[in-house]
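Listed here are the chains, written in short residue letters.
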Amino acid sequence: MFTDFFYTLKNFGVPVTFNEWQTLLDALEAGMAGSSLTGFYYLSRALLIKTEAHYDRFDMAFANYFGGIETPEGLPDKIWEWLDKELPQIEITDEMRRNHHQLDLEEMKRMLAERLAEQMEEHHGGNRWVGTGGTSPFGHSGYHPGGIRVGGQSRNQSAVKVAGMRRFQEFRTDETLGVRQFQVALRKLRQFTTRLDGARTELDLDATVNKTCDNAGRLELIWERPRENGIKVLLLMDAGGSMLSYSRLCNQLFTAVNRSNHFKDLKVFYFHNCIYDWLYHSSACVQNDYTDTEYVLRTYSPDYRVLLVGDASMAPYELLKVGGVIDWDLYNDKPGIDWLRQIRQHFEYSVWLNPVRRDYWDWMEGSYTLKTIASVFPMHEMTIDGLEQAIKGLKTKQAVQAI
Amino acid sequence: MSKKSVAYKGSSNYIVADELRNAVNIAIALQKPLLIKGEPGTGKTMLAQSIADSLDMDLIIWNIKSTTKAQEGLYVYDTVQRLYDSQFGEANVSDIKQYIKLGKLGESFLADEQVVLLIDEIDKADLEFPNDLLWELDQMSFYIPETKETIKAKKRPIVIITSNAEKELPDAFLRRCIFHYIAFPDPEGMEQIVKVHHPSLDKRLMEQAMETFYTLRNVPNIQKKPSTSELIDWLQALVVGGINPNRIKQEMPFLGVLLKKNEDLDTLLNQLHGKAQNRGGQQVNNLNRYYR
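None of these values were measured; they are calculated from a predicted model. (Residues numbered from 1 in each chain as written. Chains lettered and ligands numbered in written order. Predicted model: local features only at pLDDT ≥ 70, side-chain atom pairs only at ≥ 80, totals over all residues. Heavy atoms only, no water.)

1. Topic: the overall build of chain B
1) Next: Within chain B one finds 15 helices and 9 strands.
2) Next: Expressed as a percentage of the 292 residues in chain B, the buried residues total 45%.
3) Next: Sequence-distant contacts in chain B: of pairs separated by 6 or more residues, those separated by 24 or more amount to 73%.
4) Next: About 15200 Å² of surface is accessible on chain B, with carbon and sulfur atoms providing 48% of the total. (Helix = DSSP H or I, 4+ residues; strand = E, 2+ residues; numbered from the N terminus. Buried < 20%, exposed > 50% of the residue type's maximum accessible area, 1.4 Å probe, protein only. Contact = heavy atoms within 4.5 Å. Areas by Shrake-Rupley, 256 points an atom, 1.4 Å probe, with all protein chains shown as cover.)

Written as C-alpha cells, this is what we have:
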C-alpha cells in the first residue's frame, strides 16, 4: 500500500531491501504503528534504516512523501485524556466518503479552535465534536478524509514535522568530518596477506592443543603463516597556495593517515600545484630537499597504493607546457600531465582526492585542469563518502570515470 | 501495542526517550536483535540493564573485545582439562559433555525464563565476527559437533547489541537487526537524567552548569565532546567543592573533568580569548605558501 514510499526512499538514496520492507509490512499488519503517522515514522525508521548516516535522507524522503499532513499542538490536557481511548474500527462506505467534502487545512484549524472553545465534555462517536470514533473531522480513530487527527498514539509532534526538522543532518556521511572519521575510513584500507605463502613462523596454539589431544598427549606443534596487512601507501599532497584554504581538512586527513599504523609502509611527498621532476619532503616544498620523481617511479613497486591530494586547479600551462612549472627559477623538460600519466601507469592503484566540493568542479577557477587530471586519475571529493570510494578504488583496480 | 504481554516502559533509574522505547518494543515484538548506536555516555549499555529491571528478567552480558571469537559465545571445548584428566585425574574422560562450557549466548539459550542478552560493543571484534553469529541469532540455536547436540533457545532472549561505530558492520547482519541511534539528549532531557543521579541539586547550580556544559559542547573543533557521564561527575565535583553557582560560567572550575584532552583545553582557551582569527595557526605554518 505504501509501495510508492519504498521507491521514494530509494530515490533519496536510502538503501532499502525487499526483506526489510516485508518485515515492515508484517509489523504494520500486527498493528505496531499504533495507527498513527508518528508511530509509522519510528517503526519504519527502526526497521529500514541501519545507520545514523541515513537518518537525514530518511527524514527528507518521509517529509517529501507524507508532507502536508499536520496535527495541531497545544490542546488542553483534558481533551488529550478523552482522546486516549482506543475504539474498534468502523466500516467506511462510499456514501460516507461522498458526504465528506475535503476541507482545507486553514479552515479546519479555525473550526477546531472554535469547537475547542465550545466543547465542555468528553465525546466519542458522532460527527461534530472533538472525540474518538465517529466522523467528525477532529479527533482520532474515526473517519474523515483529510480530517485533523487529534490525540491517539502521537501526542507530541506530527511525524512530518519531526522528519521536517532534519535533526540528523550532521550525521550525513557526505559532509566533511574530523580526524577520527577519516581514521575509521582509512582502517578499511587493508588487505591481509594470504596464508598460502611465506614462512610458517607463528605457533597455532589451538591447533597444537587439538592435535596433541588427538595424539592422546604426545606433543605435536603446529605452525601457521602469520597474516598481516600488506598494504603500502604513497601519499602525495599538494602544498600550493590555493590549497591553503583547505589546510585544516588536509591536516585532518594527514593526521589520520599518519595515525593509521596498520600500513606496511607509508611514504609522504609534497608537490607544488602539479608533479614535475621533483617530489618534496616537506610541505614547504624547499627546493633543495627533494627526491627525483623518476627515482620514486623506479624504486617503488607498482603495488604501492597512491593517494594524491590536491585541488587540481592551476593555470593550464602549468599542467600542459614544457617549462610550465610555477616556481620561476625551475624548469621542467616534460609537462606535468606526462608525469601524472606516468604515475598512473606505473602504480596499479591510484586515486585523487580533491578537497574542493564536487558541486564547484564545473565552474570553479581551474576547472579545465581539474577535468584534465580527472581524466587521468579517478577523482573523489574529500569527504567521508569520497574517501570511502577512494579507498574502494585503492583496493580494486578502478577505471577513470568521466565527470 | 496494548495486546503485547511484554512492553518495556522504562525504569526508575533510567530515563528513556519515547523513540528509544518504541524501538525496544518493536524489537521485542518482532523478536529481532536491537542494535543501538550513539555517542559515548548516552546510556547504551545501561539500556539493557533497564530493560531487564523493568521486565523483571535476568541480564546476561557478553562483553566483546578485539580478540573475542564468535565461537566463544556459543561454547568452549576445554580440551586441555580433558588431556589433564586423562593423564592424572580420575574423572571419566570419555564423557565429553563435562568439558563443554557454554558461552554467554549458549547460557541465554538454556535459561528457563526469558532473559535479556547484551552483546556489548560488537564493533570491537574482528570484521567477520557479526557474520559468524548470523545463523545463531536468527534461529536461536547451534550445534555442538563434539557431543552431537543441538542447543536451542527455550525462550528467545531479548538481544540488545551496542556499537560505537569503530567499524562498519556487515550489511547482512544489519538487515536482521532493528536499528536505533541514541541522539545526544537536549537540555530538558538532560535535566531529567541529571535529576536521577543528583535528586537534590541546587536549581541555580544546575542551570549554570547545564548552560556551561552545552556551550562547551558547541565549541567548534573540540575533539572529545563532554558527555553525560562527564556532566554528572562534574556536578558531583561542583557540589563537593562547594562552588558558588554564580562563579561557574566565568571560571569553569574543574574543567579537567569535562575536557580530557590537552588540545581541547587549548582550543577552548583560544576561543574564549578571541583568538579565533588565528585558529589552527600551526596548520597555517604547514602550508606557508601564499601564492599559487
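2. Quick notes on the overall build of chain A
1) Next: Within chain A, the secondary structure is distributed over 16 helices and 12 strands.
2) Next: When the accessible surface of chain A is summed, it comes to about 20000 Å², and 49% of that surface belongs to carbon and sulfur atoms.

3. Quick word on helix H14 (residues 336-346) of chain A
Residues and elements named next belong to chain A.
1) Next: Within H14, burial applies to Gly 336, Ile 337, Trp 339, Leu 340, Ile 343 and Arg 344. Looking straight down H14, one finds its buried side chains confined to an arc of 160 degrees; they lie on one side.
2) Next: On the buried face of H14, the contacting elements are strand E6 (232-238), helix H12 (293-299), strand E10 (304-309), helix H13 (316-320), strand E11 (349-354) and helix H15 (367-374). (Arc of directions from axis to C-beta.)

4. Quick look at the pattern of salt bridges
1) Next: Here the structure, examined in full by the defined rule, presents 14 salt bridges over all chains.
2) Next: With a shortest N-O distance of 3.2 Å, A:Lys267 and A:Asp265 are connected by a salt bridge.
3) Next: With a shortest N-O distance of 3.0 Å, B:Lys154 and B:Asp112 are connected by a salt bridge. Of this pair, B:Lys154 sits in the loop between strand E7 (149-152) and strand E8 (158-163) while B:Asp112 sits in the loop between helix H5 (104-110) and strand E5 (115-120), and the two are 42 residues apart along the sequence.
4) Next: On the basis of relative accessibility, which here comes to 53%, the residue B:Asp112 falls in the exposed class. (Salt bridge = Lys/Arg side-chain N within 4 Å of Asp/Glu carboxyl O.)

5. What about the pairing of E10(A)?
All names here are of chain A.
1) Next: Most of E10 is tucked away, with 6 of its 6 residues classed as buried.
2) Next: Where burial is concerned, the two faces of E10 agree: the one with Tyr 304, Val 306 and Leu 308 and the one with Arg 305, Leu 307 and Val 309 are both buried.
3) Next: As judged from the 6 bridges shared by E6 and E10, these two strands associate in the parallel manner. For Met 237, the partnering residue across the bridge sits in E10 and is Val 309. (Pairing = 2+ DSSP bridges.)

6. What to know about the pairing of E6(A)
All names here are of chain A.
1) Next: Within E6, 7 of the 7 residues are buried, leaving the element largely enclosed by the surrounding structure.
2) Next: Of the two faces of E6, the one holding Lys 232, Leu 234, Leu 236 and Asp 238 and the one holding Val 233, Leu 235 and Met 237 are both buried throughout.
3) Next: The sheet contact formed by E6 and strand E7 (residues 265-271) spans 7 bridges and is parallel. Paired with Val 233 across the strands is Leu 266, a residue of E7.
4) Next: Handedness of the crossover joining E6 and E7 through helix H11 (residues 247-259) is recorded here as right-handed. (Right-handed = clockwise from strand over helix to strand, strands pointing away.)

7. A few points about helix H1 (residues 18-30) of chain B
1) Next: Helix length check: H1(B) (13 residues) gives 18 Å between terminal C-alpha atoms against 18 Å at 1.5 Å per residue, within 8%.
2) Next: Where H1(B) is concerned, the buried positions are B:Glu19, B:Leu20, B:Ala23, B:Val24, B:Asn25, B:Ile26, B:Ala27 and B:Ile28. (Expected span 1.5 Å × (residues − 1).)

8. Concerning the packing of helix H3 (residues 37-48) of chain A against H1(B)
1) Next: With their axes 10 Å apart at the nearest point, H3(A) and H1(B) run at an angle of 65 degrees to one another. The way H3(A) lies across H1(B) gives a crossing that is right-handed. Along its contact with H3(A), which presents A:Tyr42, A:Leu43, A:Arg45, A:Ala46 and A:Leu47, the element H1(B) presents B:Glu19, B:Asn22, B:Ile26 and B:Leu30.
2) Next: Here the residues of the contact of H3(A) with H1(B) are counted per class, giving 6 nonpolar, 1 polar and 2 charged. (Axes fitted to C-alpha atoms, helices over the stretch in contact; angles between N-to-C directions. Left-handed = near helix turned anticlockwise from the far one by under 90°. Nonpolar A, V, L, I, M, F, W, Y, C, P; charged D, E, K, R; others polar.)

9. Considering a nonpolar patch on the surface
1) Next: Judged by side-chain polarity, A:Leu203, A:Leu205, A:Leu219, A:Leu221 and A:Trp223 come together as a nonpolar surface patch covering roughly 510 Å² of accessible area.
2) Next: Tracing the sequence through the fold places A:Leu205 in helix H10 (residues 205-214). (Patch = residues over 30% accessible without salt bridge, like charges linked within 9 Å, V, L, I, M, F, W, Y side chains within 5 Å.)

10. Concerning the packing of aromatic side chains
1) Next: In this structure the tally under the stated criterion is 28 aromatic pairs over all chains.
2) Next: Relative to B:Phe142, the ring of B:Phe109 has its centre 5.8 Å away and its plane inclined at 40 degrees; by these criteria the two rings are tilted. One end of the pair, B:Phe109, is in helix H5; the other, B:Phe142, is in strand E6 (residues 141-144), with 33 residues separating them in the sequence.
3) Next: Residue B:Phe142 is classed as buried on the basis of its relative accessible area of 4%.
4) Next: In textbook terms, an aromatic cluster arises when at least three aromatic residues are bridged by ring pairs, as seen for A:Phe5, A:Phe6, A:Tyr7, A:Trp21, A:Phe40, A:Tyr41, A:Tyr42, A:Phe58, A:Phe62, A:Tyr65 and A:Phe66.
5) Next: For the cation-ring pair, A:Lys334 lies above A:Trp339, with the distance from its terminal atom to the ring centre recorded as 4.0 Å. (Phe/Tyr/Trp six-rings, centres within 6.5 Å; stacked < 30°, edge-to-face > 60°. Lys NZ or Arg CZ within 6 Å of the ring centre and 35° of its normal.)

11. What to know about unusual backbone geometry
1) Next: The backbone of A:Ala312 shows a phi angle near 55 degrees, a positive value even though the residue is not glycine.
2) Next: As for its position among the elements, A:Ala312 is in the loop between E10 and H13.
3) Next: By relative accessible area, which is 0% here, A:Ala312 ends up buried.
4) Next: In this model, B:Glu121 sits at a positive phi of 55 degrees, which is unusual for a non-glycine residue.
5) Next: Its place among the elements puts B:Glu121 in the loop between E5 and helix H6 (129-132).
6) Next: Classification of B:Glu121 by relative accessible area gives partly exposed; the value is 25%.

12. Considerations on a negative patch on the surface
1) Next: A grouping of B:Asp53, B:Asp56, B:Asp58 and B:Glu113 is seen on the molecular surface, where their side chains present a negatively charged patch.
2) Next: Looking at where B:Asp58 falls in the secondary structure, it is placed in strand E2 (residues 58-63). (Lys, Arg positive; Asp, Glu negative; His and termini not counted. Charge placed at Lys NZ, Arg CZ, Asp CG, Glu CD.)

13. Regarding the nonpolar core
1) Next: Counting 83 residues, the largest nonpolar core has A:Phe40, A:Leu43, B:Leu34, B:Leu47 and B:Ile160 as the members making the most contacts within it.
2) Next: Setting aside chain neighbours within four positions, we find B:Ile160 in contact with B:Leu34, B:Ile36, B:Leu47, B:Ala48, B:Ile51, B:Val116, B:Leu117, B:Leu118 and B:Ile119. (Core = buried A, V, L, I, M, F, W, Y, C linked by side-chain atoms within 4.5 Å.)

14. Some points on the side chain of A:Thr291
Residue and element names in this part refer to chain A.
1) Next: Position of Thr 291 relative to the elements: it lies in strand E9 (residues 290-292).
2) Next: Here His 281 takes part through its side chain, which lies 2.5 Å from a polar atom of the side chain of Thr 291.
3) Next: Setting aside anything within four residues of it in sequence, one finds Thr 291 in contact with Phe 269, Asp 277, Trp 278, Leu 279, His 281 and Val 296. (Polar contact = N/O pair within 3.5 Å; in protein donor to acceptor, adjacent residues only side chain to side chain.)

15. Some remarks on the side chain of B:Glu136
Residues and elements named next belong to chain B.
1) Next: Relative to the assigned elements, Glu 136 resides in helix H7 (residues 134-139).
2) Next: As a buried residue without a salt bridge, Glu 136 has its nearest oppositely charged side chain in Arg 176, at a separation of 9.6 Å.
3) Next: Leave out the neighbours within four places in its chain, and Glu 136 touches Leu 74, Leu 105, Phe 109, Ser 141 and Phe 142.

16. Brief notes about the sheet that holds strand E1 (residues 34-38) of chain B
All names here are of chain B.
1) Next: Taken together, the 5 strands give an open sheet; going across it, the order is E2-E5-E8-E1-E9, and neighbouring strands pair in parallel fashion. At either margin of the open sheet sits one strand with a lone partner, and together these are E2 and strand E9 (178-182). Sheet twist, expressed as the mean angle between neighbouring strand axes with direction ignored, is 20 degrees.
2) Next: In the sheet, E5 pairs with E8 via 4 bridges, with the strands oriented parallel. Each bridged residue has a counterpart across the sheet, and for Val 116 the counterpart in E8 is Ile 158.

17. Some points on the environment of B:Ser94
1) Next: With respect to the element layout, B:Ser94 can be found in the loop between helix H4 (79-88) and strand E4 (100-102).
2) Next: B:Ser94 sits in the exposed class, given a relative accessible area of 59%.

Just geometry here; none of it tells us what the structure is for.
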